[in-house]
Amino acid sequence: MNESIPVSRSVEQGTAKLMPDVDRERAWLLTVDGAPQSYVDLDEPTHLEFEYARRLGHVLDTVAEPGLPLDVLHLGGGALTLPRYVAATRPGSRQDVVEADRALLDLVVEQLPLPAGAGIELHAGDARAWLADAPDDSADVLVADVFGGSRVPAHLTSLAYAREAERVLRADGVYLANLADAAPFAFLRSQLATFAELFEELVLIAEPAVLRGRRFGNAVIVAAHRPVDIAALARLTAADVFPARVEHGPALRAFTGDARPVRDEDAVPSPEPPDGAFGIG
């Protein structure tokens, strides 16, 4: 984009707006119906503005040796912030992005084009349906960042969905998800219980204020069959402007408590954020 002027367009989930950041020449904020969805700096794709995105980025940085190419499947596209990040930090990676809102995907590609040779394939479709057709053992990392409006869709919260994710991941693959909840954390705990049914290693990353029940906010869960580099994650998240806690092991099992895995027939979307939780001024 040559002119730093806002762009607004109707998409399938509402009204999408791309707004320029006055402090960064080619940086843009994507909102849908006023809710922030993504932030992208076209000149500096490694700049992750949102706290939850930085935490996902920290996990992506630690799942393999620095710079090693990965096969990554992204469920949820937004402005393609994390695919751009992986392409910049791990050149040669092969990435698939599945976004349900075709009109949103078209807007992003048109206004915020991907660099040539990024190795990113875009697919318009339902995340779970696409996942069901994906080959076994085809991804090193699966990143789930899917919100219908401001809520994670119910069909992406169940044990059946988690089984599909595990099937598509390689034996040493890592699952990441961006979720949102508040005390008493019924949704977040149910998701931890669901993925604990299939994966030996679980990690939760969130701000202390969220974990203490003081406010609604994002939480990143990590699931794998192999150990996660907890020490590296703790150092990286502690150094952020808004530091986060990394919970695992007995403390995380205590947090999960007696929550049970979610069946398809019992699945519900993540809770509706309170007014102003993710809004912008």
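Structural data are supplied above this passage.
Per chain, residues are indexed from 1 in the order of the written sequence. Confidence filtering applies because this is a predicted model: local features only for residues at pLDDT of at least 70, side-chain atom pairs given and counted only at 80 or more, and all residues used for totals across whole chains, interfaces and linings. With hydrogens and water set aside, each side-chain value is computed from the structure's full complement of heavy atoms.

### Thoughts on the overall build of the protein chain
Then comes step 1: A run of H or I in DSSP counts as a helix once it spans at least four residues, and a run of E counts as a strand once it spans at least two, with each numbered from the N terminus. Secondary structure summary: the protein chain contains nine helices and 12 strands in total.
Then comes step 2: All radius of gyration figures rest on C-alpha atoms, and the globule criterion is 2.2 Å times the number of residues raised to 0.38. Taking 281 residues into account, the globule formula puts the C-alpha radius of gyration at 19 Å, and the protein chain, at 18 Å, falls close to it.
Then comes step 3: Once the C-alpha set of the protein chain is aligned to its principal axes, its extents read approximately 55 × 40 × 40 Å.
Then comes step 4: Think of it in three bands: with a 1.4 Å probe and only protein chains considered, a residue is buried below 20% of the maximum accessible area for its type, exposed above 50%, and partly exposed in between. Counting only residues that meet the buried cut, the protein chain has 50% of its 281 residues in that class.
Then comes step 5: Carbon and sulfur atoms make up 50% of the accessible area of the protein chain, which amounts to about 12,600 Å² in all.
Then comes step 6: For the purpose of counting charges, residues Lys and Arg are taken to be positive, whereas Asp and Glu are taken to be negative. His and the chain ends are not included. Each charge is placed at NZ for Lys, CZ for Arg, CG for Asp and CD for Glu. Positive and negative side-chain charges of the protein chain, numbering 25 and 43 respectively, have mean locations separated by a distance of 5 Å. Note that accessible areas follow from Shrake-Rupley with a 1.4 Å probe, and for residues the cover is restricted to the protein chains shown.

### Looking at the nonpolar core
Nonpolar side chains tend to gather and get buried jointly when the protein is soluble and globular.
Then comes step 1: Of all hydrophobic cores here, the largest spans 41 residues; its most connected members are Leu 75, Leu 142, Tyr 175, Leu 188, Phe 195, Leu 204 and Ile 221.
Then comes step 2: Should any heavy atoms of two residues lie within 4.5 Å, those residues are counted as being in contact. Each residue touching Tyr 175, except ones within four places of it in the same chain, is listed here: Leu 142, Ala 144, Tyr 161, Ala 165, Leu 169, Phe 195, Ile 221, Val 222 and Ala 223. The criterion is simple. A nonpolar core is a set of buried Ala, Val, Leu, Ile, Met, Phe, Trp, Tyr and Cys residues joined through side-chain atoms within 4.5 Å.

### A few points about the pattern of salt bridges
Then comes step 1: Here, a salt bridge means any Lys or Arg side-chain nitrogen found within 4 Å of an Asp or Glu carboxyl oxygen. If you walk through the whole model with that rule in mind, you get 17 salt bridges.
Then comes step 2: In this structure, the salt-bridge partner of Arg 24 is Asp 41, at a minimum N-O distance of 2.8 Å. Taken together, the residues span a long stretch of sequence, with Arg 24 in the loop between β2 (14–20) and β3 (27–32) and Asp 41 in strand β4 (residues 35–41) at a distance of 17 residues.
Then comes step 3: A relative accessible area of 5% means that Asp 41 is categorised as buried.
Then comes step 4: The shortest N-O distance in the salt bridge between Asp 43 and Arg 26 comes to 3.0 Å. Of the two residues, Asp 43 sits in the loop between β4 and α1 (51–62) while Arg 26 sits in the loop between β2 and β3, which places them 17 residues apart along the sequence.
Then comes step 5: Asp 43 sits in the partly exposed class, given a relative accessible area of 49%.
Then comes step 6: Salt bridges sharing common partners tie together Asp 71, Arg 94, Asp 140 and Arg 170.

### Quick notes on unusual backbone geometry
It is generally the case that most residues other than glycine have a negative phi and that most peptide bonds are trans.
Then comes step 1: Of the consecutive residues Ala 183 and Pro 184, the connecting peptide bond is found in the cis state with omega at 10 degrees.
Then comes step 2: Here Pro 184 shows up in the loop between β9 (169–181) and α6 (186–196).
Then comes step 3: Its identity as a non-glycine residue notwithstanding, Asp 33 has a phi of 50 degrees, on the positive side.
Then comes step 4: Residue classification places Asp 33 among the exposed residues on the basis of a relative accessible area of 53%.
Then comes step 5: In this model, Phe 185 sits at a positive phi of 65 degrees, which is unusual for a non-glycine residue.
Then comes step 6: Among the secondary structure elements, Phe 185 is positioned in the loop between β9 and α6.

### What about the pairing of β4?
Residues in a regular strand point their side chains to alternate faces of the sheet.
Then comes step 1: Counting buried residues along β4, five of its seven residues qualify, which places the element largely inside the surrounding structure.
Then comes step 2: Two strands pair under a simple rule: DSSP has to find at least two bridges between them. Sheet topology note: the β3/β4 ladder contains six bridges and is antiparallel. What sits directly across from Val 32, in β4, is Ala 35.
Then comes step 3: Connecting the antiparallel pair β3 and β4 is a turn made up of two residues, with Asp 33 showing a positive phi of about 50 degrees.

### Some details on the packing of α1 against helix α2 (residues 81–89)
Then comes step 1: Their axes nearest at 11 Å, the elements α1 and α2 cross at an angle of 35 degrees. Between α1 and α2 lies a crossing whose hand is right-handed. Facing Ala 53, Leu 56, Gly 57, Leu 60 and Asp 61 of α1, the residues of α2 in contact are Leu 82, Tyr 85 and Val 86. Fitted lines through C-alpha atoms give the axes, limited to the stretch in contact for helices. The angle between two N-to-C directions lies from 0 to 180 degrees. By definition, turning the near helix anticlockwise from the far helix through less than a right angle yields a left-handed crossing, and turning it clockwise yields a right-handed one.

### Quick notes on the sheet that holds β9
Then comes step 1: An order of β7-β6-β5-β8-β9-β11-β10-β12 is seen for the eight strands of this open sheet, with the pairing classed as mixed. Only two strands of the sheet have a single partner each, and these edge strands are β7 (120–124) and β12 (245–248). Adjacent strand axes in the sheet meet at a mean angle of 15 degrees, parallel and antiparallel pairs treated alike.
Then comes step 2: In this structure, β9 lies alongside strand β11 (residues 217–224), joined through eight bridges in antiparallel fashion. Residue pairing in the sheet places Ala 180 in a bridge with Asn 218 of β11.
Then comes step 3: Strands in contact with helix α5 (residues 159–168) are β5 (71–75), β8 (139–144) and β9; relative to β9, the strand with the most contacts, it is inclined by about 140 degrees.
Then comes step 4: This element, helix α9 (residues 249–256), spans β10 (201–206) and β12 of the sheet and lies at about 85 degrees to β12.

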